[in-house]
Amino acid sequence: MNIEHERYLQANNKEFNSIFVYPNNTIKTSKYSVFNFLPLNLFEQFQRLANAYFLILLFLQLIPQISSLTWYTTMTPLMVMLSITAVKDAIDDLKRHQSDDRVNNLPVLLLVNGKMKEDKWMNVQVGDIIKLENNQPVTADILLLSSSEPYSLTYIETADLDGETNLKVKQAISVTSDMEDRLELLSAFNGEVRCEAPNNKLDRFSGILTYKGKNFLDHDKLLLRGCIIRNTDWCYGLVIYTGPDTKLMQNSGKSTVKRTQIDHLMNVLVLWIFLGLGIICFVLAVGHGIWQNKKGYHFQIFLPWEKYVSSSAVSAILIFWSYFIILNTMVPISLYVSVEIIRLGNSLYINWDRKMFYAPRNTPAQARTTTLNEELGQVKYVFSDKTGTLTQNIMIFNKCSINGKLYGDTYDKDGQRVTVSEKEKVDFSYNKLADPKFSFYDKTLVEAVKKGDHWVHLFFRSLSLCHTVMSEEKVEVRTPEDRIMLFCKGADTIICELLHPSCSSLCDVTMEHLDDCASEGLRTLMVAYRELDEAFFQDWSKRHTEACLSLENRESRLSSVYEEVEKDLMLLGVTAIEDKLQDGVPETIIILNKAKIRLWVLTGDKQETAVNIAYSCNLFEDEMDEVFVVEGRDDETIRKELRTARNKMKPESLLDSDPINIYLTTKPELPFEIPEEVANGNYGLIIDGYSLAYALEGNLELELLRTACMCKGVICCRMTPLQKAQVVELMKRYKKVVTLAIGDGANDVSMIKAAHIGVGISGQEGLQAMLNSDFTFSQFQYLQRLLLVHGRWSYNRMCKFLSYFFYKNFTFTLVHFWYAFFNGFSAQTVYETWFITCYNLVYTSLPVLGMSLFDQDVNETWSLLFPELYEPGQHNLYFNKKEFVKCLMHGIYSSFVLFFVPMGTLYNAERNDGKDISDYQSFSLVVQTSLIWVVTIQIALKTTYWTMISHVVIWGSLGFYFCMSFLLYSDGLCLAFPDVFQFLGVIRNALNQPQMLLSIILSVVLCMLPVIGYQFLKPLFWPISVDKVFDRIQECRRLPRQSPVQTKLKHSSTRPSAYAFSHKHGFGALITSGKTMKSRMSKKNTLFSKR
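Here is what the cut-offs are and how they apply
- Residues numbered from 1 in each chain as written.
- Predicted model: local features only at pLDDT ≥ 70, side-chain atom pairs only at ≥ 80, totals over all residues.
- Heavy atoms only, no water.
- Pairing = 2+ DSSP bridges.
- Helix = DSSP H or I, 4+ residues; strand = E, 2+ residues; numbered from the N terminus.
- Axes fitted to C-alpha atoms, helices over the stretch in contact; angles between N-to-C directions.
- Expected span 1.5 Å × (residues − 1).
- Contact = heavy atoms within 4.5 Å.
- Polar contact = N/O pair within 3.5 Å; in protein donor to acceptor, adjacent residues only side chain to side chain.
- Phe/Tyr/Trp six-rings, centres within 6.5 Å; stacked < 30°, edge-to-face > 60°.
- Buried < 20%, exposed > 50% of the residue type's maximum accessible area, 1.4 Å probe, protein only.
- Lys NZ or Arg CZ within 6 Å of the ring centre and 35° of its normal.
- pLDDT = per-residue confidence, 0-100.
- Core = buried A, V, L, I, M, F, W, Y, C linked by side-chain atoms within 4.5 Å.
- Parallel < 35°, antiparallel > 145°, perpendicular 65-115°, else oblique.
- Nonpolar A, V, L, I, M, F, W, Y, C, P; charged D, E, K, R; others polar.
- Salt bridge = Lys/Arg side-chain N within 4 Å of Asp/Glu carboxyl O.

Taken in spatial order, the four strands of this open sheet run S1-S8-S9-S10, and their pairing is antiparallel. Each end of this open sheet is capped by a strand with a single partner; those strands are strand S1 (6-10) and strand S10 (214-216). Taken over all neighbouring pairs, the strand axes of this sheet differ in orientation by 20 degrees on average, direction set aside. Relative to strand S8 (residues 192-196), S1 runs antiparallel, the two sharing five bridges. Considered in S8, the bridge of Glu6 is made with Glu196.

Before going further, it helps to examine helix H20 (residues 635-649). Taking 1.5 Å of rise per residue, the 15 residues of H20 would be expected to cover 21 Å, and the 21 Å separating its terminal C-alpha atoms lies within 8% of that figure. In this structure, the buried residues of H20 make contact with strand S25 (626-630), strand S26 (683-688), helix H22 (689-695) and helix H23 (701-709). Here H20 starts with a cap whose side-chain oxygen sits 3.2 Å from the backbone nitrogen of Glu636, and that cap is Asp634.

Following the criterion strictly, the structure yields 58 aromatic pairs and no others. With 6.1 Å between their ring centres and 20 degrees between their planes, Phe438 and Phe440 make a pair best called stacked. By relative accessible area, Phe438 is classed as partly exposed at 24%. Connected via pairs of aromatic rings, a cluster forms that spans Phe817, Trp818, Tyr819, Phe821, Phe822, Phe825, Phe896, Phe899, Phe900 and Phe923. Over the ring of Tyr8 we find Arg194, and its NZ or CZ is 4.0 Å from the ring centre. The ring of Phe805 is capped by Lys808, whose NZ or CZ atom sits 4.2 Å from the centre of that ring.

The next thing to look at is the environment of Ala316. Inspection of the secondary structure puts Ala316 in helix H10 (residues 312-326). Residue classification places Ala316 among the buried residues on the basis of a relative accessible area of 13%. It is 8.1 Å that separates the C-alpha atoms of Ala316 and Gly287, two residues lying 29 residues apart in sequence. The contacts of Ala316, once residues within four sequence positions are left out, are Ala285, His288 and Gly289.

Let us now look at the confidence of the model for the protein. With 88% of its residues at a pLDDT of at least 70, the protein reaches an overall mean of 83. Between the elements of the protein, mean pLDDT differs from a low of 38, seen in strand S31 (residues 1088-1090), to a high of 95, seen in strand S4 (residues 129-133). Across residues 1043-1091 the pLDDT falls below 50, and counting only partners more than four positions away or on other chains, this stretch makes 184 contacts in the model.

Taken in spatial order, the six strands of this open sheet run S3-S2-S4-S13-S5-S11, and their pairing is antiparallel. Only two strands of the sheet have a single partner each, and these edge strands are strand S3 (115-120) and strand S11 (222-223). As defined by bridge partners, S4 adjoins strand S13 (residues 234-241) across five bridges and the pair is classed as antiparallel. What sits directly across from Glu133, in S13, is Trp234.

This part takes up the pairing of S3. Both strand S2 (residues 107-112) and S3 contribute to a ladder of six bridges, which runs antiparallel. Bridge pairing in S3 links Val108 to Asp119. The turn joining S2 and S3, which pair antiparallel and follow one another in sequence, is formed by two residues; a positive phi near 55 degrees is taken by Asn113.

Counting residues in hydrophobic clusters, the biggest one holds 102 residues, and the most contacted among them are Leu335, Phe801, Leu802, Phe806, Tyr831 and Phe835. No other element matches helix H27 (residues 782-820), which puts 17 residues into this core. Among residues more than four places away in sequence, those in contact with Phe806 are Leu269, Ile273, Met330, Leu335, Phe879, Phe884 and Cys887. The next biggest cluster of nonpolar side chains, apart from the first, holds 47 residues, and it includes Ala595, Ile757, Phe777 and Tyr870.

Interaxial distance between helix H9 (residues 261-294) and helix H11 (residues 334-352) falls to 14 Å at its minimum, and their mutual angle equals 170 degrees. With respect to H11, the element H9 is oriented roughly antiparallel. When H9 is examined against H11, the residues Asp263, Met266 and Val270 are found in contact with a partner set consisting of Leu335, Tyr336, Val339 and Arg343. In terms of residue class, the contact of H9 with H11 is built from five nonpolar, no polar and two charged.

The next subject is the side chain of Thr260. Here Thr260 is to be found in the loop between helix H8 (247-250) and H9. Residue Thr260 is classed as buried on the basis of its relative accessible area of 0%. A distance of 3.4 Å separates the side chain of Thr260 from the side chain of Arg343, its partner in a polar contact. Apart from the residues within four sequence positions on either side, Thr260 is in contact with Arg343, Thr371, Leu372, Glu374 and Glu375.

Within this structure, the stated rule accounts for 32 salt bridges. In this structure, Asp245 engages Arg7 in a salt bridge whose closest nitrogen and oxygen atoms are separated by 2.8 Å. Taken as a pair, Asp245 in the loop between S13 and H8 and Arg7 in strand S1 lie far apart in primary sequence, 238 residues in all. For the pair Asp245 and Arg7, one class covers both residues: buried.

Bringing the side chain of Thr389 into the picture now. Mapped onto the elements, Thr389 comes out in the loop between strand S15 (379-384) and strand S16 (396-402). A residue is classified by how much of its surface remains accessible, and Thr389, at 0% relative accessible area, is buried. Contact partners of Thr389, with chain neighbours within four places excluded, come to Ser384, Gln582, Ile742, Gly743, Asp744, Ile761 and Phe780.

In structure tokens:
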């Protein structure tokens, strides 16, 4: 495949553009087609070792010489399971197809042969000119040519790209803006564009438009796919990037099939079982060969060999495969069917949870996948967006300081600040354009506006022009009085350095106001202006145009030009905007911290904004030992900053004798795991996107990961969507932990896809995050319930299910192993055929499903009050390889008891009337009855939350076994179908004998004693951390119920003095934005250290 280094296109010239074979505007997020669905889906399903195992087993059962079971006993459940999974996958992919078709078939107006023709999005090509109208989404990445608005301005909403809901402004190229909507001029337009190859950088575009021998274009003329046209009747654009080449799709990330850790573990365990099964079959085949050689060969007059058996060796080979079929129940296919049912049930609980229903938007929580439930109980790291995820993303004007006077508070006659009520809010009815929902209580500001106060009017004129919200923004305008004014709005850390010395006293007063507003959690921006000389402006404008059109070092040249004009500013004042945290965010983060869940905030916002939110939501605290800031601009500086931070947190981690350093010096091959490291205090880390770009490189990524993982909270600022995904991938690559990403915008999609679990917030920013997520809800606070209640329950239930399921099948199957030593290793089954058929399907299915769907070790209230209960899932303590071996050993012991106790009881035994009962059928009945009692009592001991359903399915299944036994062994069926039902009257003749009943009781007691003893001794001799928590819960239950005490959350006072918004620049040529934020923390903050 050819790699595109530069894009070259010509407007209205399809023949020329087709030479480069650019993709059309079709997008594809689906996985399957009609032709590849069956092979691709089967290929994915047979990647599960168990499915491949059952397929091999099916082929073996088709060979009559070795099959002791009919082929349909495996074929039917295998087909059912494959079909159910295939239908589920097909439905999921059909939804993706429908979504793709809905987007690809959206209408667009295309300029063709001098006329506007309605076509579909998918037919748009590079070089086409399209027309967009108000409230329409942008079809592709287009170069703005003209619009209906004055100065060819176009207003766009970029929520699906950068998370900002405020409108941005773009301006068309000056040479094409005069074309307006005259189709003859647009059709004749044949400009040529040379630009950079498709990339994922949302805020950068490098290219040149050549038209009539002149060069035009700068980085701010591109409208990106995913934006929506607002407050603009129409605009025309030249298509530059289409379909997969658009910046939105370049940031989407790859879709991967997500499997849980338990899925991967089960693959390993099935392989173990397969190998163990092979060893057992080999041992039994050797035993059979020896027996046939020593006894069977001389016993052929009573037990003749088949014609195809020429020797004992051939007979042993055939017996090997016969036992391979008989012992297949060590991994029954019903295991996977049951797992899918359990996951579906636990997913429905999430959908039905009324406490995760958000009434204001009528939005319930939704599990969009049914395969990840138990992994919700194992999350160690949460990666969260900020705007719209932690905050409400609703900006409200709260206060302002203008020319040294603070507006927004209300005072009484004595000058004391007072609280306000709705009745006292300012009446804006005189202004027909005022928002009726807006509430403001300081009437002095409105009075100043009405009186025509010069500074107030100048302040609001600046805000009306600089209305995109970012770290620094400048507008140059010519007033009606023919004065050229530069208005500038940005963070105090930037603006203060650009002020004229004469503003020092005003700056001191304004900074006091700014600090007061920041301490209340308000977002502050400083506003300033400068009047420019005509000659200076003309000269500067010329140099600015040259810098914009340069292809080399454009950013540095623009920065130098901006510095010439960004000085000697006159201070106007400060704005204070409120973007409230969502309800319950601080409390949720505290609870997640108690559950040992680490939170990293990955945001495109500037540093001050993210840090202030981090303090507001308790991610950072005043009591932290230190918060490290990584802001280097080269490898060595960043390495030094990271190592200096690690030296403070854990000095020994830098020594050559450190175990991890020793391990890394061996240069292990990927994948390898870096163990958890514990810091000697409480620390935080801040790193911006520029530094992160270096830190994510191969030679620094481990330094970054080791340092960040020792911190309680981490903030990554100024990040691109792809960088968010890279941070998540870095964690997954070197840490054996479960990651969860949560966000609400299209800029979070790649992060959501990259994490083990993706959660979409259905908020203000469209549906992209929600449609690409695994779970969705409307409020961040619901995350604690998703993880600590539903996730923990799902994990506990799945672990109980697996340990019990493997145990009951090991016990059931391995009885055949002991029996082989008494039947000449002839592959005869211990149990009656119908019992084998019904054991997993009927007799033991409902009890284990009931436990796996309804069991609770503690209720939801205790789960939230004691987040420490979540910790075992993070370390996968309840089901792992060690627990599996315990299940195996327990199964071996139980099968030994279940075989030899009845064998000892029935050997040469007689009935009360002297008749012999030492027969195969009586023995089989006693063994299978003992087995049913053992596994039933075993699951009763495992059940901690008893409901009526639990009693019905557990004791009902036991009763159903006896009812079925009386039916299947009744005279009627056995006489009517003697070839099918052969145990005539055995239950009636055997279970009325006292030695039979005593044998069953003894078997059950011997099997249960170790279980009860282990459950009693385990907390005493092998306790885990949560055992103490359960003790505390028991103590609380015994105490009289008291009213809950409301704990007042602490809010930091030592926050940065001000912070601002960020993201894309706007306002075309009228707004020229320059240097990036100078990362300088407020002097008042004593917690931060720069290395």
